[in-house]
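Residue-level listing of the chains:
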Amino acid sequence: MGEFEVHRVRFFGLVPAGVRCLACQPRGTRLALARTDGAVEVYNFAANYFQEKVIPGHDSRSVEALCWAAGDRLFGAGLNGEVTEYDLARLCAARSVDGCGGPIWSMAANSNGTQLAIGCEDGSVKLFQVVPGGIEFERNLDRRKGRILCLSWHPSDTHIAAGSIDILRVLDVSSGQTVQRIMVNYHVQKVKRECIVWSIAFLSSGTIVTSDSFGRVQFWDRERGTLLDSHTVSTSAVLSLAVSEEEDSIIVGTSTGATYQFQLLLVKAGSLEKRWVRTKPFQHHTHDVRAVAHSSTALISGGLDAQLVIRPLMEKMQKKGYDAALRKFTFPHRRLVSCARKARLLLFQFSQHLELWRLGSTDETGKDGEVLPLCRMPEHLVQLKSKGPEHIYCSCVSPCGSWVAYSTASRFHLYRVQYEGNGVSVKKVPKMPKLLLPAYQLQFSSDSSSLFVASARGSVHVLQLLEPGGCKHQHTLRPPSGSPEAVYLLASSADGHWVAAVSGDWAIHVYNLKCFKHHCSVPTYSCAVTAVAIHPVTNNLVIAYSDQQLFEFSIPEKQYTAWSRTVQSCGLHRVWLERDSPITHITFNPKNPSHILLHDIYMFCVLDKSLVSPWPLPDNSALLMNQGTLKQLPETARKRQLHAFKICKKFQPLLFADLLDEKCLVMVERPIMDIKTQLPAPIQQKKFGT
């Protein structure tokens, strides 16, 4: 693997926003997630749970509810009182309609996705018709006092159950009238505080399931309005609830961070009578579990600790293996850090500002694993604040450190940064070219003379940077057959001849920058692309996919390389393929062309192509050990374990890694405990023996 001097960076103060709500696509493969900062994310189950789409947040657009309708159309609603449809191709809010009932607390779609019901602050339930190009207000249902905190349609679409404070109601959709009114605290004596119905589900049998602020999961008879069963699962609130499509399993989330599964089981063998039984408790979160979802094969939960937890249902698994593993996602599947190698600067992206830092340095040398003292401390040079309510989509710093660019939904900003002694001056570039915004990814050329701007409909804008501080639009690159999807990944070659663009339909197009023409397309693959990079010597395009496969494509020859064909014929190691964190960055060592450097959240890897031949890739019987484990083996055993994958797991969670020069690496970590110290204190639970 070789020895590197490592700059271990832990001053990136990122605190991911908590999870506010979840929505599984009915009979689909996608999960929509909304965070407390208004950001919306889409995960693809079929692409190894890859976070394939991100719509950044907006200060005036909170998202209290998400739902899918009419197949693949995604809607959100929040406290600004609007219902918003999201454009998943252009990754932005497409259109909004005022609900005319004050803040919206809940929203649900009927079984065929043709109608939306919203629950408002003024106590009304409103119906909207889903039509091509938007939604249209249909009518109001019976309005009563008290905000509507949760909604659920009966599978027959004839009735809607609505939860409020101390009460739940059943409304007839055709007449709009309340046909049942249930006081959730009627059977409790001496109640001194109100009971908030946080979540509700309407089963096809007519049973209504509620979760409330008293820590109860209750089952109600719709016809009689009576309590069928009650389970107290927590001393604090049960905040969320979701039911499986077969209606034989329920997951609930509490304010203590615990989740529970209920199953509909036979009372005894040979009997037809069934009861809901609390079967499985889980403690994967530290804070409120505000959102849960139930897919066909997994229990999904999201908490204010920013974690998305996916726990497969073992009874649904055909065999034990990778698909049966628990998954936790805290950080985005995209880079929030960019590096100016020549200037040794790092640019950190937050939701509404950027931070530019200069790395520290040392004059000392030492042995492997030794921590060296710094002669110059890391320095915070610049903070750029984004004006307005829009959050930042993407950002980048040039390799020379003299240019910084970022984009929001409606604005693109370019700054010239100059360093004068110990001072730094930042000047905004005026009169920017009019581009199709937002920009989804930014990439400077290796010589800092050009800026590539990823745009909608598969296009890439090429901007020429001018001295002392300006730019002009050179060309717009477009795929020959067009694309409805936005470009979300870019890679440019060191010689300035090529740029590769990856769009949301997972197509990879390569363009010739000398003539500004489309050069070729990489053969399509069935998984999402998570990272791409062009080798500085060979101009081979290295591609990482969400199923952990690696490909190498020769741009000059327009075909996969012999090494790539060897890898695919031999197959990658089972442990490598079973990783649940996607590769987010690929880079190279120009002094050692056979080395490919890549990383995910939990590991940094140097892939040595020279060891594939004559040494084969490790097969499944070999141990895919990290370098720390290998060092503890005797010399003879170490040689027997020699293979192409040199893995280091010392740096976690690893948000960014790059090569500053042939012997120097920078690693940006964000320890989970550092994040938790900045979160509100969780609800304290009494533990046995304390």
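The shown structure was predicted, so the numbers you read here are calculated from the model rather than taken from an experiment.

**Quick notes on the overall build of the protein**
Then, in step 1: The helix and strand tally for the protein stands at 5 helices and 55 strands.
Then, in step 2: What you see for the protein is a C-alpha radius of gyration of 27 Å, in line with the 26 Å of a compact globule of 690 residues.
Then, in step 3: Across its three principal directions, the C-alpha atoms of the protein cover 80 × 65 × 50 Å.
Then, in step 4: A burial count over the protein gives 58% of its 690 residues as buried.
Then, in step 5: Of all intrachain contacts in the protein linking residues separated by at least 6 positions in sequence, the fraction that spans at least 24 positions is 48%.
Then, in step 6: For the protein, the exposed area adds up to about 29700 Å²; of that, 50% sits on carbon and sulfur atoms.
Then, in step 7: Measuring between centres, the 76 positive side-chain charges of the protein sit 1 Å from its 61 negative side-chain charges.

**Thoughts on the environment of Ala 491**
Then, in step 1: Tracing the backbone shows Ala 491 in strand 42 (residues 487–492).
Then, in step 2: On a C-alpha basis, the gap between Ala 491 and Gln 349 in space is 19 Å, while along the polypeptide they are 142 residues apart.

**Some points on helix 1 (residues 562–570)**
Then, in step 1: Buried residues of helix 1: Trp 563, Ser 564 and Val 567, and no others. Down the axis of helix 1, the buried set is contained in an arc of 100 degrees. They therefore lie on one face. Within helix 1, the exposed residues directed more than 90 degrees away from the buried face are Ala 562 and Ser 569.
Then, in step 2: Count one or two residues on from helix 1 and you reach Gly 571, which has phi positive near 85 degrees.

**Section: the sheet that holds strand 39 (residues 450–454)**
Then, in step 1: Strand order across the open sheet formed by 4 strands is 38-39-40-41, with antiparallel pairing between neighbours. Each having just a single partner strand, strand 38 (441–444) and strand 41 (470–477) make up the two edges of the open sheet. For this sheet, the mean angle separating the axes of adjacent strands, direction not counted, is 25 degrees.

The rules behind the values
Residues numbered from 1 in each chain as written. Predicted model: local features only at pLDDT ≥ 70, side-chain atom pairs only at ≥ 80, totals over all residues. Heavy atoms only, no water. Helix = DSSP H or I, 4+ residues; strand = E, 2+ residues; numbered from the N terminus. Rg over C-alpha atoms; globule rule 2.2 N^0.38 Å. Buried < 20%, exposed > 50% of the residue type's maximum accessible area, 1.4 Å probe, protein only. Contact = heavy atoms within 4.5 Å. Areas by Shrake-Rupley, 256 points an atom, 1.4 Å probe, with all protein chains shown as cover. Lys, Arg positive; Asp, Glu negative; His and termini not counted. Charge placed at Lys NZ, Arg CZ, Asp CG, Glu CD. Arc of directions from axis to C-beta. Pairing = 2+ DSSP bridges. Axes fitted to C-alpha atoms, helices over the stretch in contact; angles between N-to-C directions.

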